[in-house]
Amino acid sequence: MLAAVTLVVALGNPISCLGSMPTSRAIAQTPSAAESPSLDESSEVDSRLFLAGMEDPEEVRAFLANLRQSAVMRGSRQARLRQRQALVAMVRYPFTTYDEPGVPGVTYHRPEALLRDFERVFTPPVLNAMRHAQYEELFINGQGAMISDGRVWFDQREDGIKIKAINP
């Protein structure tokens, strides 16, 4: 499929061209758009949420905000325990870990069991990915939405938005 693309060059003059670029790759970008997340990036994510069974962008944003806040792991011992409890409550059960790709490890049926193995599953790289999760950077497909190159996957079902996989 041919797509007409308007490119904005450095001087700000639009140039129209007809090329063989697929429409999904036809993107006009100005230097300022590359510097920070734009409304276009949010709109792109908004338009793909349905692939992961999600409908409400604000609900996804709230989930990510809760994820970032819970992954901080700072404060008193009690505060850190509450943060851990919040994270394990965000997981869909049963939850199976994979020690190697395709090789099932431990299956957790209850949050209390995952809480006991918290450090094994919620490694420093996983917590770091959670702390830096941004809506505009979500990758979304039919399997769900992911952050940090697949380190954490989540989707939405009848029980809400939940973490479905963690790849430490």
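Numbering of residues starts from 1 in every chain and runs along the sequence as written. Reporting of local features is limited, given that this is a predicted model, to residues whose pLDDT is at least 70; pairs of side-chain atoms are given and counted only at 80 or more, and all residues count toward the totals for whole chains, interfaces and linings. Heavy atoms throughout the structure, all of them, feed into the side-chain values; hydrogens and water do not.

**Examining helix α4 (residues 77–89)**
Since the α-helix advances by 3.6 residues per turn, residues separated by three or four positions end up pointing in the same direction.
Phase 1 of the analysis: Strands here are runs of E lasting at least two residues and helices are runs of H or I lasting at least four, both read from the DSSP assignment and numbered beginning at the N terminus. In a helix, the anticipated span is given by 1.5 Å times the number of residues less one. The end-to-end C-alpha distance of α4 is 18 Å, a good match for the 18 Å that 13 residues give at a rise of 1.5 Å each.
Phase 2 of the analysis: For each residue, the accessible area found with a 1.4 Å probe, counting protein chains only, is set against the maximum for its type, and the residue is called buried under 20%, exposed over 50%, and partly exposed in between. Residues of α4 that are buried include every one of Ala79, Gln83, Leu87 and Val88, and no others.
Phase 3 of the analysis: The secondary structure elements touched by the buried residues of α4 are α3 (57–70), α5 (111–116), α6 (118–121) and α7 (124–131). Here a residue-residue contact requires only that any non-hydrogen atoms of the pair lie within 4.5 Å.

**Some words on the pattern of salt bridges**
Phase 1 of the analysis: In what follows, salt bridge is the name for a side-chain nitrogen of Lys or Arg lying within 4 Å of a carboxyl oxygen of Asp or Glu. Scanning all chains against the criterion turns up 8 salt bridges.
Phase 2 of the analysis: Residue arginine 84 pairs with glutamate 119 through a salt bridge whose shortest N-O separation is 2.5 Å. On the criterion of sequence distance, the pair formed by arginine 84 in helix α4 and glutamate 119 in helix α6 is long-range, its members being 35 residues apart.
Phase 3 of the analysis: Here arginine 84 falls in the partly exposed class, since its relative accessible area comes to 23%.
Phase 4 of the analysis: Across the pair arginine 92 and aspartate 159 runs a salt bridge, and its minimum N-O distance is 3.0 Å.

**Description of the pairing of strand β8 (residues 160–166)**
Phase 1 of the analysis: Of all 7 residues in β8, 5 are buried, a share of seventy percent or more.
Phase 2 of the analysis: Judged from the 6 bridges that link them, strand β7 (residues 152–157) and β8 form a sheet pairing that is antiparallel. Within the sheet, the bridge partner assigned to aspartate 155 lies in β8 and is lysine 162.
Phase 3 of the analysis: At least two DSSP bridges between two strands are required for those strands to pair. Turn length for the β7-β8 hairpin, with the two strands adjacent in sequence and antiparallel, is 2 residues.

**Re unusual backbone geometry**
Phase 1 of the analysis: Note that the residue after tyrosine 93, namely proline 94, is joined by a cis bond; omega there is 0 degrees.
Phase 2 of the analysis: When you line up the elements, proline 94 lands in the loop between α4 and β3 (95–100).
Phase 3 of the analysis: If you check the backbone angles, serine 148 has positive phi at about 55 degrees while not being a glycine.
Phase 4 of the analysis: Turning to its location among the elements, serine 148 is positioned in the loop between β6 (144–147) and β7.

**Considerations on the sheet that holds β7**
By definition, the strands of a sheet pair up through backbone hydrogen bonds, in either a parallel or an antiparallel sense.
Phase 1 of the analysis: Read from one edge of the open sheet, 4 strands run β5-β6-β7-β8, paired in antiparallel fashion. For this open sheet the edge positions go to β5 (139–141) and β8, each flanked by a neighbour on one side alone. Across the sheet, the mean angle separating the axes of adjacent strands is 25 degrees when strand polarity is ignored.
Phase 2 of the analysis: Sheet analysis places β5 next to β6, joined by 3 bridges and oriented antiparallel. Note on geometry: axes are lines fitted to C-alpha atoms, helical ones only across the stretch in contact, with angles between N-to-C directions running from 0 to 180 degrees.

**Re the packing of aromatic side chains**
Phase 1 of the analysis: Each pair of aromatic rings taken from Phe, Tyr and Trp, with Trp reduced to its six-membered ring, is defined by centres within 6.5 Å and is described as stacked if the planes are under 30 degrees apart, edge-to-face if over 60, and tilted in the remaining cases. All chains considered together, the criterion is met by 3 aromatic pairs.
Phase 2 of the analysis: Aromatic side chains phenylalanine 63 and phenylalanine 154 sit 4.8 Å apart centroid to centroid with 40 degrees between the ring planes, which places their arrangement in the tilted category. Of the two residues, phenylalanine 63 is situated in helix α3 and phenylalanine 154 in strand β7; the sequence distance between them amounts to 91 residues.
Phase 3 of the analysis: Residue phenylalanine 154 is classed as buried on the basis of its relative accessible area of 0%.

**Observations concerning the side chain of serine 70**
Phase 1 of the analysis: Its location among the elements puts serine 70 in helix α3.
Phase 2 of the analysis: Beyond its immediate stretch of four places on either side in the chain, serine 70 contacts Gln83, Ala86, Leu87 and Met90.

**Looking at the packing of α3 against α4**
Phase 1 of the analysis: In the contact formed by α3 and α4, the axes pass within 9 Å of each other and the chain directions differ by 145 degrees. Remark: the crossing between α3 and α4 carries left-handed chirality. Between α3, through Leu67, Gln69 and Ser70, and α4, the contact on the second element is made entirely by Gln83, Ala86 and Leu87.
Phase 2 of the analysis: Each residue gets one label: Ala, Val, Leu, Ile, Met, Phe, Trp, Tyr, Cys and Pro are nonpolar, Asp, Glu, Lys and Arg are charged, and the others, such as Gly, are polar. Looking at the contact of α3 with α4, its residues break down into 3 nonpolar, 3 polar and no charged. The crossing is said to be left-handed when, going from far helix to near helix, the turn is anticlockwise and less than a right angle, and right-handed when the turn is clockwise.

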